[in-house]
Structure formats: structure tokens, C-alpha cells
Amino acid sequence: MKIIYCIHSICNPGGMERVLLNKVSYLSEKLGWEIMVVTTDQHNRPPFYPFPKSVRLVDLDVNYSVDNGKNPLIKIVGYLIRKRKHKRALTELLMKEKADLVVSLYPSESSFIPDIQDGSKKVLEIHYCKFFRLQYGRKGLLGLIDKWRTKQDEHIVSRFDKFVVLTHEDKEYWGALSNMEVIPNAALSLGECKTDVSEHRVLAVGRLDYQKGFDRLIQSWSLLHQKNLLNDWKLDIFGQGEWHDWLERLIVEKGLQENVSIHPPTKNIAEEYAKSSILAMTSHYEGFPMVMIEAMACGVPVVTFDYKCGPKDIIEQGVNGMRVPEGDIEKFADTLYSLMSNGYYRQKLSKHAQDVIRVYSEETIMHRWVCLFNSLVTKS
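An account of the accompanying structure is given in this report. Everything numeric here is computed off the predicted structure, so don't read it as measured data.

1. Some points on the state of the cysteines
Under the counting rule described, the total for this entry stands at 0 disulfides. Not engaged in a disulfide, the cysteine Cys 11 finds its nearest cysteine sulfur in Cys 6; these two sulfurs lie 16 Å apart. Lacking any disulfide linkage, Cys 129 is separated from the closest cysteine sulfur, that of Cys 309, by 4.6 Å. With relative accessibility at 0%, the residue Cys 129 sits in the buried group.

2. Some remarks on the pattern of salt bridges
A side chain of one charge can pair with a side chain of the opposite charge when the charged atoms of the two come close. As enumerated under the stated definition, the model contains 23 salt bridges in all. A salt bridge links Lys 2 to Glu 97, with the nearest nitrogen and oxygen atoms 2.6 Å apart. Residue Lys 2 is found in strand β1 (residues 2-7), and its partner Glu 97 is found in helix α2 (residues 72-97); the two are separated by 95 residues along the sequence. The same class applies to Lys 2 as to Glu 97, namely buried. Two residues, Arg 323 and Asp 306, come together in a salt bridge whose shortest N-O distance is 3.1 Å. On the criterion of sequence distance, the pair formed by Arg 323 in strand β13 (residues 321-324) and Asp 306 in the loop between β12 (302-305) and α9 (311-314) is long-range, its members being 17 residues apart.

3. Description of helix α8 (residues 290-297)
Taken across its 8 residues, α8 has 8 buried, putting it largely inside the fold. Buried within α8 we find Met 290, Val 291, Met 292, Ile 293, Glu 294, Ala 295, Met 296 and Ala 297. Immediately downstream of α8, the backbone of Gly 299 shows phi near 85 degrees, a positive value.

Calculation rules
Residues numbered from 1 in each chain as written. Predicted model: local features only at pLDDT ≥ 70, side-chain atom pairs only at ≥ 80, totals over all residues. Heavy atoms only, no water. Disulfide = S-S within 2.5 Å. Buried < 20%, exposed > 50% of the residue type's maximum accessible area, 1.4 Å probe, protein only. Salt bridge = Lys/Arg side-chain N within 4 Å of Asp/Glu carboxyl O. Helix = DSSP H or I, 4+ residues; strand = E, 2+ residues; numbered from the N terminus.

Encoded structure:
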């Protein structure tokens with residue numbers, strides 16, 4: 001079997017990049033399939049995660065991100081120019097490689113890849129919820145474009161041989177599509193890294209941007225600080241991104257320098273889970289929160305906003321974690337404190353959180369992918 005995966009880049013420590021690494025490692029090393037990963041915006045940077053040598057990495061040098069930060073008109077024109085370049089380069093590559101399957105992780109080629117007549121079956125997998133474009137609430141021209149593209153997405157996904165979403169919640173948003181299937185991400189074993197939930201430490205992990213909502217977490221933490229409820233508890237945030245300096249200023253503004261720290265991404269995140277007693281997730285949206293199931297696999301109880309999508313599929317309220325109404329910062333602070341102040345409760349949630357390994361094991365999830373791929377190729 002020969003599979004080509006298409007993604008924006010693999011130089012960042014994101015969940016989508018980590019999930020891709022896990023999949024291609026399984027397919028290439030355990031099954032011996034031929035795998036290629038094609039990027040558009042790698043900029044000659046090395047992969048953040050160590051991809052197997054058997055996996056071929058190719059960058060098309062399209063560089064959509066060059067126009068980030070420019071005014072909307074320049075950004076739109078630049079995008080259209082680069083998209084034409086992208087289509088030419090990818091078409092040439094696919095016609096040459098003759099893969100059995102081509103998988104788009106929902107970057108720009110998703111709008112044109114079904115038109116490439118290279119003989120491969122086309123699969124689209126989305127790592128966001130259906131409404132991810134609208135979560136930013138942008139105004140003006142960009143806001144109108146977000147609404148238009150969200151509507152266009154319904155047409156785009158219908159043209160693929162298979163469209164894979166990560167949660168049953170998201171499946172409901174897309175409606176009755178005959179080509180849609182739900183396959184969540186896997187919770188990989190992180191070795192012997194397990195927490196005993198005794199450390200007075202709350203952990204947060206993710207890119208420092210709007211999506212992850214760490215400003216909301218800092219505001220919740222500030223409420224506990226104002227009520228003198230923190231005692232010796234610490235909040236450690238691991239991530240990088242354009243919001244770094246602003247979040248640092250917010251920490252200073254709230255007087256939280258002594259108990260809130262921002263750290264760069266780490267490749268040994270399992271060790272950080274093992275040294276933490278609570279994972280806090282304040283995202284505005286997700287596709288399927290990898291950090292959540294990784295932490296739970298290590299026994300870390302989760303307090304999370306009930307955003308779209310993921311928490312409803314993963315968290316059984318009060319059993320393996322806690323869901324807080326989306327955007328309710330005061331309730332989030334109260335829920336954090338309920339766990340911080342009750343070690344027995346943390347231990348109870350920790351025990352059940354580890355069951356996520358059985359539900360989302362690598363063997364279970366990859367078996368579903370292999371069956372899907374084999375069924376598509378068999379139909380050829």
C-alpha cells in the first residue's frame with residue numbers, strides 16, 4: 001500500500017503533527033507500507049518530531065504563510081496565486097508517484113485534490129470542528145470570507161471518497177453525508193509515566209494563540225489568587241506562539257508571577273504529566289484534544305470548558321474529569337479549586353481517567369484506519 005499525506009507543515013509541536021507522526025510510524029514500521037508526507041510551508045525547517053527514516057518527506061515550497069499579517073486584499077491575492085502554484089506542483093507529484101491513497105489533513109489542497117486524476121482514492125480528515133473558521137468572530141471582509149468558506153466546506157467534503165471526523169459531536173454538525181466516518185485519535189501509551197496527583201501543580205499545554213484560550217485560564221487563576229485560595233499551587237503552561245508576550249504581560253498585570261509560568265514546548269511532555277495533578281483546558285474549539293487524552297492516559301484529571309468538539313465524547317462528568325459550561329470563567333475557577341482542595345477526589349478521577357487507554361488504544365484506532373484504507377483500495 002502506498003499512501004501520501006498532505007499537511008501544511010511538520011515543524012511545529014502541534015497535536016495534528018503528533019497524530020500524523022503516530023499514524024505514519026505505525027503504517028510504515030508495523031505494516032511496511034510506503035508512506036510520503038507532503039508539506040507546503042516547511043521553509044527548510046526540520047520536523048519537530050522524529051519521523052521514521054522510511055517515511056519520505058517532500059515540501060512543495062508554496063509558502064502560504066508568507067502573507068500572514070498583511071492586509072486582507074494582499075492576503076487574498078497572495079493566497080490565490082500560491083494556490084495555483086500548489087495545484088500545479090501537487091498534480092505533478094501525484095501523477096508521478098501513483099499512490100493508492102492520498103490523504104488531505106484539510107489544508108488548501110482539499111478544494112482541488114479530488115480533481116487530480118492520478119488514480120488514487122482521496123480521503124479528507126479534519127482535525128477541527130465544522131465551525132472552526134467562525135470561532136474567531138472576525139468582522140468585515142475576513143468575517144464574510146469565513147462564513148462563505150464554512151458554507152463551501154460542505155461541498156468540499158462531499159467530493160472525497162471518504163471524509164473522516166474525530167468525534168460523534170462533529171458528525172452531527174455535518175449532517176447526513178454518505179461518505180463520512182468517525183475515527184478518533186489514539187491515546188498512545190507514554191510508558192510508565194503516571195501521576196499520583198499529589199503535586200500541587202496544574203498543567204496546560206498548547207499553542208499560545210486564540211484557539212487555546214490561555215488568557216481565560218489566567219483570568220480563572222487570578223480569581224483564585226484574589227480569594228487567597230492558591231496556597232502553594234502552581235500553574236505551568238507549555239507552548240509557543242504569537243500570544244506569548246501578551247500572556248506574559250497578562251500574568252504580570254494580574255500579579256501572578258510567583259505561581260504562573262510559561263515554558264517552551266517539550267518533547268518529553270509525559271514527564272510533565274507525571275509531575276502534575278490537574279490538566280486545565282480553556283480552548284475555544286478543538287477537533288479532538290490530543291493533550292486531553294494523553295494526560296488522562298497518565299492519570300491526570302482534566303478540567304475543561306465544554307467547547308466544540310471533544311469533551312462531550314471523552315469526559316464523563318464527575319467520573320474521569322470535569323466539564324465546565326463554555327466561557328464561564330468563574331465556574332472554571334470554582335471547578336479547579338474543587339479538585340485542588342480535595343486529594344481524594346483527584347485520585348478518584350485519576351483512576352477512571354486512565355481507562356481512556358482502552359477506549360482509544362493505538363491498536364483499536366489504527367485497525368479502523370487500516371480497514372478503511374483497505375476497503376477503499378479494494379473498491380478500485
